[in-house]
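# Fold and geometry: a report
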Amino acid sequence: VCRLLTRRAHGFYARDAGVAHRKNLGLLRKIMCQESTKFKNVWTTHSASPIAYERGRIYMDNYQCCISSIAQEPRILYQKSKCAKSEKIEDALLLECPLGEMLPSPSDYKASLIVLTVQNWLLRLSADSGEVLEKVYLAGSCCKFFRYLSWDTPQEVMIVKSAQNKLPAAARQAGIQQTVLFYLAVFQVLPLSFIGMLEINKKIFGNSVTDVAVSNGILIVMYSMGLVRLYNFKAILEQFMEQPFDLGQEFNWNGQVGVVGKYPFGLPCNIKITDTPPLLFEASSLENAFQIGGYPWHYIITPNKKKHKGVFHICSLKDNALAKNGIQDMKCCSLEPDWIYFHPDMSGRIIHVGPNLIKVLKLKEVKNHADQMEIAEDFTIVANRENCVNNTVTVTASGRVVKKRFTLLDDDPEQETFKIVDYEDELDLLSTVAVTQIGADGRAHLDFHCNEHGILLKSIPLKESWDVTYSHEVYFDKDLVLHIEQKPNRRFSCYVYQMVCDTAKDDD
C-alpha cells in the first residue's frame with residue numbers, strides 16, 4: 001500500500017486516469033481485506049414502502065426520497081412532496097454519462113434516473129436533486145399500460161415494455177380476439193431519442209407467447225410449453241421500420257396529428273412486423289430458463305420435464321452439442337432449488353450455487369479435440385458445516401439405539417446455507433451471504449472471496465437477525481454493504497454498513 005501511494009504521489013499514473021483509478025481500487029481492496037478493517041452498522045431505517053438502491057443512493061417512498069449512502073452517515077439528498085397515485089413510479093433505471101462523447105446539455109454529464117409512471121410518462125430526473133430534466137408521454141390512441149424498463153445495451157439502448165394486453169371479460173365472452181400481446185418502445189439514451197415502437201402480435205409469433213425480452217440486440221420470445229425463440233432485434237428494427245420519428249416532431253400518422261412524445265398523442269407504433277422474422281435459434285427448457293454466455297458461445301437449459309428440475313445442460317450454441325461433463329446436477333435435497341448462471345465478470349466461467357456448495361466452472365478445450373469443449377471445476381467454496389453431524393442412528397446414555405425416520409434437508413435452516421452470491425466488478429471480488437438460523441434467531445455473514453482463485457479474504461458478520469422466510473437483498477459496493485429486508489405486511493428495513501479502519505480494540 002505504501003509503495004503504491006508513493007508512486008501515485010510521484011505522478012506515475014498522471015497521464016492515464018484509467019490506470020490511476022484501477023490502482024486506487026487496488027489500494028481500497030488491500031485496505032478493506034486487512035484484519036484490522038471492520039464494517040460498522042452506521043445507519044438503519046424502516047419503511048412501509050419498498051426501498052431501492054442504486055450506486056450510492058437509497059430511494060424510499062416510491063423514489064420521492066433520495067438518501068446518499070456515501071457520506072460518513074447517510075444523508076438526504078432530496079425529499080419531494082408526496083405524489084398522487086396517478087404519478088406512482090412503476091420502474092426505474094440509473095443513467096450514467098458515457099465516456100468520450102460530447103453531449104448536448106451540461107446536465108447530461110451527471111447521473112440521472114429514468115422513471116416510468118403509472119400514467120405512462122417517461123421522466124428523466126436529476127439523480128442528485130430529483131429535478132425533472134425531460135418528459136416523454138408514451139401511450140397513444142390505443143391504451144398501452146407501460147410497466148417495465150430494461151437495457152438492451154447497458155447505458156445505450158433502453159426498452160420500455162407494456163404489461164400484457166388482456167381484453168375485458170365481456171369482450172372475451174363476445175368472442176373478440178386479442179392479437180397484440182405486448183408493446184415495446186425503444187430509446188437511445190443520452191441524449192434521449194426515440195428509435196421506434198413495435199407490437200408483439202400472436203399472428204406473427206404464435207398463440208402461445210407468454211412473455212418477451214430484449215437483450216444485447218436479441219429479441220427473446222417465450223412460450224407456454226417452455227419453448228424459447230431468439231430473433232435479431234436490430235434487423236427487425238431496420239427491416240420493418242415504416243417511418244422514423246424524433247421526439248418533439250410534429251406528425252400526421254394514420255389520420256392522427258400530434259407531437260411525438262407529447263400528451264395526448266404519445267409515440268407512434270412505427271415498426272410493423274408483417275412477417276415472421278428469420279429465426280436465429282430456439283430451445284426447449286423447463287420454465288423458459290435459458291442463458292447464453294461463455295467463450296466460445298454456449299447456452300444453459302434445463303430439460304423440459306419436471307423430473308429434471310435442478311439439472312442443467314451446458315451446450316454449444318454453434319451446433320447444440322452437449323459439452324463434455326456438460327450435465328451439472330448437485331443432487332441436493334432442499335426446499336430452495338440450486339441455481340446457475342454465467343459469471344458476470346465476462347470471463348466465460350459459470351457459477352453454480354447450491355445450499356452448501358458454490359462451484360465456479362470453466363470451459364476448456366478437450367485434449368486432442370480442439371473443436372470440443374469440456375466443463376471443468378475452476379474452484380469451489382464450501383459452507384462451514386464442520387460441527388454438523390447428520391447421524392441417522394444415535395445411541396442414548398443407557399445404550400438404547402434410536403433411529404431417525406428422516407434426514408435433514410441440505411438447506412435446513414440450522415445448517416449454514418448460501419443465500420446470495422454476487423460479484424463486485426470494481427474490486428474484482430466474489431461475495432457470498434451464508435445464513436444459519438437456530439430457533440427464531442438467524443445469523444448471517446458476508447464473505448469476500450478472491451474472484452480468480454476463490455480464496456476467502458474477509459468475513460463480515462451482519463449484526464441484525466436474519467429470518468430465512470423473509471425476502472432479502474444485499475449490495476456490496478466498494479466500501480459499502482447494504483442489506484434490504486422485506487418482512488410480512490409490507491414492512492421494509494434497510495441496514496447500512498461502512499468500512500472503518502480502526503486498530504482500537506472494541507466490539508464495533
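Residues numbered from 1 in each chain as written. Predicted model: local features only at pLDDT ≥ 70, side-chain atom pairs only at ≥ 80, totals over all residues. Heavy atoms only, no water.

## Considering the overall build of the chain
- Scanning the chain from N- to C-terminus turns up five helices and 36 strands.
- For the chain, long-range pairs separated by at least 24 residues make up 48% of all intrachain contacts whose partners lie at least 6 apart in sequence.
- Approximately 27300 Å² of the chain is accessible, and the part contributed by carbon and sulfur atoms is 51%. (Helix = DSSP H or I, 4+ residues; strand = E, 2+ residues; numbered from the N terminus. Contact = heavy atoms within 4.5 Å. Areas by Shrake-Rupley, 256 points an atom, 1.4 Å probe, with all protein chains shown as cover.)

## Describing the UniProt feature "transmembrane region" (unreviewed entry) in the chain
- Here the UniProt feature "transmembrane region" (unreviewed entry) sits at residues 180-200 and 212-231.
- For residues 212-231, helix accounts for 0% and strand for 75%, while the C-alpha atoms at its two ends are 11 Å apart. (UniProt positions renumbered as here; feature names shortened; annotations may be inferred.)

## Let's talk about the side chain of S126
- Structurally, S126 is set in strand β8 (residues 121-126).
- One polar contact links S126 to S129, side chain to side chain, over a distance of 3.2 Å.
- Sequence-distant contacts of S126, that is, excluding residues within four places in its chain, are made with Y78, A111, E131 and L133. (Polar contact = N/O pair within 3.5 Å; in protein donor to acceptor, adjacent residues only side chain to side chain.)

## With respect to the nonpolar core
- Residues L122, L138, M158, V160, F187 and L267 are the most contacted members of the largest nonpolar core, which totals 28 residues.
- For this core, the secondary structure elements donating two or more residues are β6 (89-95), β7 (112-117), β10 (146-153), β11 (157-162), β12 (180-188), β13 (193-201) and β17 (250-253).
- Sort the elements by how many residues they give to this core and β12 lands first, with four residues.
- With sequence-adjacent residues up to four places away left out, M158 is seen in contact with L93, I114, L122, L149, S150, W151, A185, V186, F187, V189 and L192.
- Residues F182, L198, Y231 and L237 belong to the second largest nonpolar core, which totals 24 residues. (Core = buried A, V, L, I, M, F, W, Y, C linked by side-chain atoms within 4.5 Å. Buried < 20%, exposed > 50% of the residue type's maximum accessible area, 1.4 Å probe, protein only.)

## Quick notes on the side chain of S431
- Here S431 is to be found in strand β31 (residues 429-438).
- In this structure, S431 is in contact with I420, V421, D422, L446, D447, F448 and F476, ignoring residues within four places of it in sequence.

## Focus on unusual backbone geometry
- In this chain, Y263 is followed by P264 through a cis amide linkage whose omega measures 5°.
- A cis geometry characterises the amide bond from Y295 onward to P296, with omega recorded as -5°.
- Positionally, P296 belongs in the loop between β20 (290-293) and β21 (298-301).
- Of note, the phi angle at D428 is positive, near 55°, even though the residue is not glycine.
- Within the secondary structure, D428 is located in the loop between β30 (417-424) and β31.
- Judged by its relative accessible area of 30%, D428 falls in the partly exposed class.

## Points about the sheet that holds β31
- Across the sheet, four strands lie side by side as β30-β31-β32-β33; this open sheet has antiparallel pairing. Edge positions in the open sheet fall to β30 and β33 (456-462), since each of these has one partner strand only. Within the sheet, the average angular offset between the axes of one strand and its neighbour, ignoring direction, is 20°. (Pairing = 2+ DSSP bridges. Axes fitted to C-alpha atoms, helices over the stretch in contact; angles between N-to-C directions.)

## Observations concerning the environment of Q243
- Among the secondary structure elements, Q243 is positioned in the loop between α5 (233-240) and β17.
- Ignoring any residue separated from it by four or fewer positions in sequence, one finds Q243 in contact with W253 and N270.

## Quick notes on a positive patch on the surface
- Positive charge collects at one region of the surface, where R3, R7, R22, K23 and K30 lie side by side.
- For the positive patch, the secondary structure elements donating two or more residues are α1 (2-9) and α2 (17-32).
- When residues in the positive patch are grouped by element, the largest group, three residues, is from α2.
- Looking at where K23 falls in the secondary structure, it is placed in helix α2.
- We classify K23 as partly exposed; its relative accessible area is 33%. (Patch = residues over 30% accessible without salt bridge, like charges linked within 9 Å, V, L, I, M, F, W, Y side chains within 5 Å. Salt bridge = Lys/Arg side-chain N within 4 Å of Asp/Glu carboxyl O. Lys, Arg positive; Asp, Glu negative; His and termini not counted. Charge placed at Lys NZ, Arg CZ, Asp CG, Glu CD.)

## Examining the sheet that holds strand β4 (residues 65-68)
- One open sheet accounts for four strands, arranged β2-β3-β4-β5; its pairing is antiparallel. Only two strands of the sheet have a single partner each, and these edge strands are β2 (52-54) and β5 (75-79). With strand direction ignored, the average angle separating the axes of adjacent strands in the sheet is 25°.
- Pairing of β2 with strand β3 (residues 57-60) involves three bridges; the strand directions are antiparallel.

## Quick notes on the packing of aromatic side chains
- What the rule picks out here adds up to 13 aromatic pairs.
- Members of the aromatic cluster, joined through ring pairs, are F39, F448 and F476.
- Stacked on the ring of W121, the Lys or Arg K135 has its end atom at 4.7 Å from the ring centre.
- A cation over a ring is seen here: K161 above Y148, with NZ or CZ 5.3 Å from the ring centre. (Phe/Tyr/Trp six-rings, centres within 6.5 Å; stacked < 30°, edge-to-face > 60°. Lys NZ or Arg CZ within 6 Å of the ring centre and 35° of its normal.)

## Here's the deal with the pairing of β20
- Pairing of β20 with β21, which is carried by four bridges, proceeds in the antiparallel orientation. Paired with F290 across the bridge in β21 is I301.

## Some thoughts on the state of the cysteines
- For the structure shown, the criterion picks out zero disulfides.
- A disulfide-free cysteine, C33 has its sulfur positioned 9.5 Å from the sulfur of C450, the nearest such atom.
- Under the relative-accessibility criterion, C450 is labelled buried at 10%. (Disulfide = S-S within 2.5 Å.)

## Here's the deal with α5
- Inspection of α5 places F233, I236, L237 and F240 among the buried residues, and these make up the whole buried set. Buried residues in α5, looked at end-on, bunch into an arc of 100°, giving them a common side. For α5, exposure combined with an orientation more than 90 degrees from the buried face picks out E238 and Q239.
- The opening residue of α5 is N232, an N-cap whose side-chain oxygen sits 3.1 Å from the backbone nitrogen of K234. (Arc of directions from axis to C-beta.)

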